[in-house]
Protein chains: 2
Amino acid sequence: MPSRETEISSIGEFELIERIRQIVGDAPPGAGPSQGLVLGISDDAAVYRPTPGKVQLLSTDTFAEGIHFDLTFTSMKHLGWKVMTAGLSDIAAMGGVPRFATVAISLPGKVTIPMVEELYAGIAASMKAYAYVVVGGDTTGSAGNLTITVSTTGEADERHLIFRKGAVEGDYLCVSGHLGSSVAGLKVLQREKERFLSGKDGGTFTPNLEPYAPALERHFLPKPRTDLIALINDKVRVNAMIDVSDGLASEVHHICRESGVGAAVYERNLPVVAITQKIASEFGDAPTDYALFGGEEYELLFTLSDGEYAKLEEFTDDVSVVGRIVEKEQGVTYEREDGNRTPLEPGGWNHFSNAGAKHDDRPR
Amino acid sequence: MPSRETEISSIGEFELIERIRQIVGDAPPGAGPSQGLVLGISDDAAVYRPTPGKVQLLSTDTFAEGIHFDLTFTSMKHLGWKVMTAGLSDIAAMGGVPRFATVAISLPGKVTIPMVEELYAGIAASMKAYAYVVVGGDTTGSAGNLTITVSTTGEADERHLIFRKGAVEGDYLCVSGHLGSSVAGLKVLQREKERFLSGKDGGTFTPNLEPYAPALERHFLPKPRTDLIALINDKVRVNAMIDVSDGLASEVHHICRESGVGAAVYERNLPVVAITQKIASEFGDAPTDYALFGGEEYELLFTLSDGEYAKLEEFTDDVSVVGRIVEKEQGVTYEREDGNRTPLEPGGWNHFSNAGAKHDDRPR
């Protein structure tokens, strides 16, 4: 329980906002990320000048305690970083770069002042890493759980916009980085939590998370692939793109539905790293299931022609071809290494039927 | 309890979003409010073209069940209208006009599909009334209460921007419309709810809300004062402005703090209509307390010189002079009709110490 001194009610909302302002920097208009910012936190609305000739992007994502995160094993600083990632990833998936964001938090009584300060320290770290500025938001009480909603703005050249629609039959289906580690990390955390709560070890149990560090980092500190946007915009022509927030299978379905096409996904090409295979093996799961259905990867899934892919290969080896766009009538299929082909369901965890199941589910 | 057919889990998130799209119209780019809209609900982020030469405004507000609204006496349609009002009012308070909005909802199991549809029907009514478009958002489950976060964008001429800072000693302190009805309506609703729950009438009690209709409408269907913006922008020079979302007293303090001035507020000039006086009288309250400390009025509070006020009077009689800006050292004072002058505390309900108190508290 919070002590008297750390209760938010002991300082009130205005003092709390003042502390948040100090942490996120309330940058005066100037160079760098705050260029074009006329007014940040301090008034009824933030004000900024759009870059002439650019279109504006806007994305909103909510993270609810008990649905998207579990405070028993998530630090507030990691949570701050993570809640900002979804919007940054959404902006990247349009071919844009982030500019400004607002953060709205609903705080139950159990959340203390130091916890809020840690949350914003994580947000400030994300701001610094990805060159954008938090310019406003809202702080309210909550009669239930902690809920955080982030709205992120970005900019793009209109000719560089990449939509979900646009995939063409014959396109390669590509994904950046690797898949499945985030949900693998989550499974380890949930297992260790259960062991701890079970008290089987007479209360002496200490989670040993060290061997799983790469998966845990992936889960707690996911990185939006803003690093690929300049390459994708300037060097190749991508036909359709989406970020992998809700599992590869679900995102492939989004692209196919919006583009009016089908797709074949190949098991043999799914990018799964060693730690994910190790964790899947511990749980007796197929690592490819983590890759297909695990959420919160924040990699980019995109389609482009053979010729464009050949160009892309010259610049990066961080992209895998995981399938091919086919005609709509063939639907979305999954081709196993043994050649067996089955329909690929969108999958992903449905957070309406699994409220409290602690699995992250980040579709829009 | 929701029946099997009306549970959101029976259709899943994508079908739910599809229904929302149909209700809010997913307007294709075109004339009217959707002019400049490149892409609404359907992708990772909404895309729109800023009007050349205008600055962009962004505001975010959260409404949490049990803090900002009580579903036992609030219809989902009214709630939909109301959650959009805060952002529209914030944009107006900067001297801007609204363009686009996102709506993020965290839905506990008790919220059914028809309830969500009603919520968006209220949102659609607000869109139509104020000529803006909902272009995205997020829908997630909630392990706690219903929470709704709205982000609203708008545009303004940079030379027309009106900040909280800018008030000058000697300025008139003016407020549009009238104050106190929203909290008066809320008090009636809470009283009738208690009567109903007490069961004193053997379960036959039916609330008689008819005599209070104007206050209830003010509480359930608050109207942002976008109608005054053209007048304020084109005909007069306003020095500072804020909307009255958290009570007049609190907003006067905001203007004074940001402008480095003091203010004297006059009891005799507070605009309170008959229904508010009637309700206050029933509760044995001072109607001026409702005007000073009641939230969610969404009127505009602004300061301007005598000369500018004289010009304003030619165009509208819907503005009252409620005080005067004075030097900082005099602080913020309240002058009663008997001439007695006392410090005016910011007041407003602190929702961190009153979680669950069901009083709305909408500061930023």
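Residues numbered from 1 in each chain as written. Chains lettered and ligands numbered in written order. Predicted model: local features only at pLDDT ≥ 70, side-chain atom pairs only at ≥ 80, totals over all residues. Heavy atoms only, no water.

A.B. asks: I keep staring at the overall build of chain A and nothing clicks. Help me out?
C.D. replies: Scanning chain A for helices and strands turns up 10 helices and 13 strands. Judged by the C-alpha coordinates and their principal axes, chain A covers about 65 × 65 × 35 Å. The burial tally for chain A puts 60% of its 364 residues in the buried class. Carbon and sulfur atoms form 49% of the exposed surface of chain A, whose accessible area is close to 13,400 Å². In chain A, 34 side chains carry a positive charge and 52 a negative one; their mean positions are 1 Å apart. (Helix = DSSP H or I, 4+ residues; strand = E, 2+ residues; numbered from the N terminus. Buried < 20%, exposed > 50% of the residue type's maximum accessible area, 1.4 Å probe, protein only. Areas by Shrake-Rupley, 256 points an atom, 1.4 Å probe, with all protein chains shown as cover. Lys, Arg positive; Asp, Glu negative; His and termini not counted. Charge placed at Lys NZ, Arg CZ, Asp CG, Glu CD.)

A.B. asks: It is not clear to me how the pairing of strand β6 (residues 147-157) of chain B should be interpreted in this structure. Could you clarify?
C.D. replies: Side-chain positions along a regular strand alternate between the two faces of the sheet. Residues and elements named next belong to chain B. Burial runs high along β6: 10 of the 11 residues are buried. The pairing of strand β4 (residues 97-107) with β6 spans 9 bridges and is classified as antiparallel. Note on β6: the bridge partner recorded for Val97 is Glu155. (Pairing = 2+ DSSP bridges.)

A.B. asks: Looking at this structure, how should I read the sheet that holds strand β7 (residues 172-176) of chain A?
C.D. replies: Sheets are built from strands paired through backbone hydrogen bonds, the pairs being either parallel or antiparallel. Residues and elements named next belong to chain A. Across the sheet, which stays open at both edges, the 7 strands sit in the order β8-β10-β7-β11-β9-β12-β13 with mixed pairing between neighbours. Pairing within the sheet leaves two strands with one partner each, and these edge strands are β8 (240-243) and β13 (341-343). On average, each strand axis in the sheet is tilted by 25° relative to the strand beside it, whichever way the strands run. Sheet topology note: the β8/strand β10 (residues 300-304) ladder contains 4 bridges and is antiparallel. Its bridge partner being in β10, Asp243 is matched across the sheet by Leu300. Taken strand by strand, helix α2 (residues 76-93) contacts β8 and β10, and its axis lies near 175° from that of β8. Its contacts with the sheet place helix α7 (residues 248-259) against β7, β8, β9 (262-266), β10 and β12 (332-335), and it is angled at close to 145° to β8. (Axes fitted to C-alpha atoms, helices over the stretch in contact; angles between N-to-C directions. Contact = heavy atoms within 4.5 Å.)

A.B. asks: Can you help me understand the packing of helix α4 (residues 181-198) of chain B against helix α5 (residues 213-220) of chain B in this one?
C.D. replies: Helix-helix packing: each pair is described by the crossing angle between the helix axes and the interaxial distance. Residues and elements named next belong to chain B. Relative to each other, α4 and α5 sit at 105°, their axes nearing to 7 Å. Between α4 and α5, the crossing angle belongs to the class labelled roughly perpendicular. Of the residues in α5, those in contact with Ser181, Ser182, Gly185, Leu186 and Leu189 of α4 are Ala215, Leu216, Arg218, His219 and Phe220. When grouped by side-chain class, the residues that make up the contact of α4 with α5 number 5 nonpolar, 4 polar and 1 charged. (Parallel < 35°, antiparallel > 145°, perpendicular 65-115°, else oblique. Nonpolar A, V, L, I, M, F, W, Y, C, P; charged D, E, K, R; others polar.)

A.B. asks: It is not clear to me how helix α3 (residues 113-130) of chain A should be interpreted in this structure. Could you clarify?
C.D. replies: Given 3.6 residues per helical turn, the α-helix brings residues three or four places apart onto the same face. Residue and element names in this part refer to chain A. Between its first and last C-alpha, α3 extends 26 Å over 18 residues, near the 26 Å set by a 1.5 Å rise per residue. Within α3, burial applies to Ile113, Val116, Leu119, Tyr120, Gly122, Ile123, Ala124, Ser126, Met127 and Tyr130. Those residues of α3 that are buried are in contact with α1 (12-24), α2, β4 (97-107), β5 (133-141) and β6 (147-157). Looking at the residues trailing α3, positive phi occurs at Ala131, about 55°. (Expected span 1.5 Å × (residues − 1).)

A.B. asks: Sorry, what's going on with the relation of the copies chain B and chain A here?
C.D. replies: One copy of the chain maps onto the other through a rotation about an axis followed by a shift along the same axis. Least-squares fitting of chain B to chain A yields an RMSD of 0.0 Å, with the superposition described by an axial translation of 0.0 Å and a rotation of 180°. Both copies of the chain, as the preceding transformation shows, are related through a two-fold rotation axis. In terms of proximity to the rotation axis, the leading residue of chain B is Gly144 of chain B, whose C-alpha is 2.3 Å off the axis. A share of 99% of the interface residues of chain B reappears at the interface of chain A, consistent with the copies meeting face to face through the same patch. (Least-squares fit on C-alpha atoms with pLDDT ≥ 70 in both.)

A.B. asks: Looking at this model, I keep getting lost on α7 of chain A. Mind explaining?
C.D. replies: Residue and element names in this part refer to chain A. With 12 residues, α7 should reach 16 Å at 1.5 Å per residue; the first-to-last C-alpha distance of 16 Å fits that figure. Of all 12 residues in α7, 9 are buried, a share of seventy percent or more. Among all positions in α7, only Leu248, Ala249, Ser250, Glu251, Val252, His254, Ile255, Cys256 and Ser259 are buried. Immediately downstream of α7, the backbone of Gly260 shows phi near 65°, a positive value.

A.B. asks: Help me understand the packing of aromatic side chains in this model?
C.D. replies: Pairs of aromatic rings are described using the distance from one ring centre to the other and the angle between the two planes. Per the counting criterion, the structure on display carries 6 aromatic pairs over all chains. Pairing Tyr48 of chain A with Phe100 of chain A gives two aromatic rings, centres 4.7 Å apart and planes at 40°, and the pair type is tilted. Highlighted residues: Tyr48 of chain A in strand β2 (residues 46-48) and Phe100 of chain A in strand β4, separated in sequence by 52 residues. The burial state of Tyr48 of chain A is the same as that of Phe100 of chain A; both residues are buried. Of note, Arg268 of chain A hangs over the ring of Tyr266 of chain A, and the distance from its end group to the ring centre comes to 4.7 Å. The positively charged end of Arg324 of chain B is found above the aromatic ring belonging to Tyr172 of chain B, 4.4 Å away from the centroid. (Phe/Tyr/Trp six-rings, centres within 6.5 Å; stacked < 30°, edge-to-face > 60°. Lys NZ or Arg CZ within 6 Å of the ring centre and 35° of its normal.)

A.B. asks: Teacher, can you tell me more about the confidence of the model for chain A here?
C.D. replies: Residue and element names in this part refer to chain A. Residues with a pLDDT of 70 or more make up 93% of chain A, whose mean pLDDT is 91. This stretch, residues 349-364, has a pLDDT under 50; its non-local contacts, to residues over four places away or in other chains, come to 76 contacts. Confidence metrics for the complex model read pTM 0.93 and ipTM 0.92. (pLDDT = per-residue confidence, 0-100.)

A.B. asks: Could you clarify how one ought to interpret the sheet that holds strand β1 (residues 37-39) of chain A in this entry?
C.D. replies: Pairing is mixed in the open sheet, where 6 strands are placed in the order β1(A)-β2(A)-β3(B)-β6(B)-β4(B)-β5(B). Each of the sheet's edge strands pairs with one partner strand only, and the pair in question is β1 of chain A together with β5 (133-141) of chain B. Neighbour to neighbour, the strand axes of the sheet diverge by 20° on average, direction disregarded. Bridge analysis of strand β3 (residues 54-64) of chain B against β6 of chain B gives 11 bridges, and the strand direction is antiparallel. Note on β6 of chain B: the bridge partner recorded for Lys54 of chain B is Asp157 of chain B. Across the face of the sheet, helix α1 (residues 12-24) of chain B comes into contact with β4 and β5 of chain B while running at roughly 155° to β5 of chain B.

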